[in-house]
Amino acid sequence: GGGGGGGGGRGRGGGGADLSKYEAMAPSEFMTGTVKTIATYGAFIELEGGASGLVHISQLAAGRVETVDSVVSQGDEVQVRVLNVRDGKLSLAMSPYVEKTAEEIEAEKSRPRRGGGDDDQFPGGRKPREERVDDIWSDNTEPKWRELMAEAGETMDNVLELKL
């Protein structure tokens, strides 16, 4: 067996696992975990040390995943990597790590909310379809409505002027 891990620091408060070691992990570094719970939107993975995190359905594999249980089952041992740690929650991924170029990272930070035709170049990085529909509605209809109302307002003025 390997040597014991160094002494654990005194964590904040009660039995929450210390996540700082996961924060320090590289996004390309995989570790072993066990599938604890399966949800429609992903799988909860328990890691050694008692921490557990969520692999979102979009991060279970490269490409499109129809259902979580088509990829993993409860009790499976899986290789996961840490995407991020936020509010004491671990976001994990099972999909292969792909080195991103600086441009891609920049593009992600300032991602415009237009429906581009180039979605398919980024399998696995897509937002759920429902959100995209919401975006289309909120992005396109309001300005259109404003224009229509403005036009309607003008024509009404014209009609009134004609009557006068």
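Residues numbered from 1 in each chain as written. Predicted model: local features only at pLDDT ≥ 70, side-chain atom pairs only at ≥ 80, totals over all residues. Heavy atoms only, no water.

## What to know about the side chain of serine 95
Stage number 1. Checked against the element boundaries, serine 95 lands in the loop between strand S5 (89-93) and helix H2 (102-109).
Stage number 2. Residues in contact with serine 95, not counting those within four places in the same chain, are Phe30, Gln59, Leu60, Ala61, Ala62 and Arg81. (Helix = DSSP H or I, 4+ residues; strand = E, 2+ residues; numbered from the N terminus. Contact = heavy atoms within 4.5 Å.)

## Regarding the packing of aromatic side chains
Stage number 1. Per the counting criterion, the structure on display carries 1 aromatic pair.
Stage number 2. Between tyrosine 41 and phenylalanine 44 the ring centres are 6.4 Å apart and the planes differ by 85°, which places this aromatic pair in the edge-to-face class.
Stage number 3. A residue is classified by how much of its surface remains accessible, and tyrosine 41, at 41% relative accessible area, is partly exposed.
Stage number 4. Overall, the relative accessible area of 28% leaves phenylalanine 44 in the partly exposed class. (Phe/Tyr/Trp six-rings, centres within 6.5 Å; stacked < 30°, edge-to-face > 60°. Buried < 20%, exposed > 50% of the residue type's maximum accessible area, 1.4 Å probe, protein only.)

## Considering the pairing of strand S3 (residues 52-56)
Stage number 1. Of the two faces of S3, only the one carrying Gly53 and Val55 is buried; Ser52, Leu54 and His56 on the other face are not.
Stage number 2. Between strand S2 (residues 42-47) and S3, which pair antiparallel one after the other, the connecting turn spans 4 residues, and glycine 49 there sits at a positive phi close to 95°.
Stage number 3. Where S3 and S5 come together, 3 bridges link them in parallel fashion. Counted as the bridge partner of leucine 54 is serine 91 from S5. (Pairing = 2+ DSSP bridges.)

## Observations regarding the nonpolar core
Stage number 1. If you look at the biggest cluster of nonpolar residues, it comprises 21 residues, and the most contacted ones within it are Tyr22, Ile45, Leu47, Val80, Leu90 and Leu92.
Stage number 2. For this core, the secondary structure elements donating two or more residues are strand S1 (30-39), S2, strand S4 (77-86) and S5. (Core = buried A, V, L, I, M, F, W, Y, C linked by side-chain atoms within 4.5 Å.)

## Focus: the pattern of salt bridges
Stage number 1. What the rule picks out here adds up to 2 salt bridges.
Stage number 2. Glutamate 46 serves as the salt-bridge partner of lysine 36, at 3.3 Å between the closest nitrogen and oxygen. Of this pair, lysine 36 sits in strand S1 while glutamate 46 sits in strand S2, and the two are 10 residues apart along the sequence.
Stage number 3. Classification of lysine 36 by relative accessible area gives partly exposed; the value is 45%. (Salt bridge = Lys/Arg side-chain N within 4 Å of Asp/Glu carboxyl O.)

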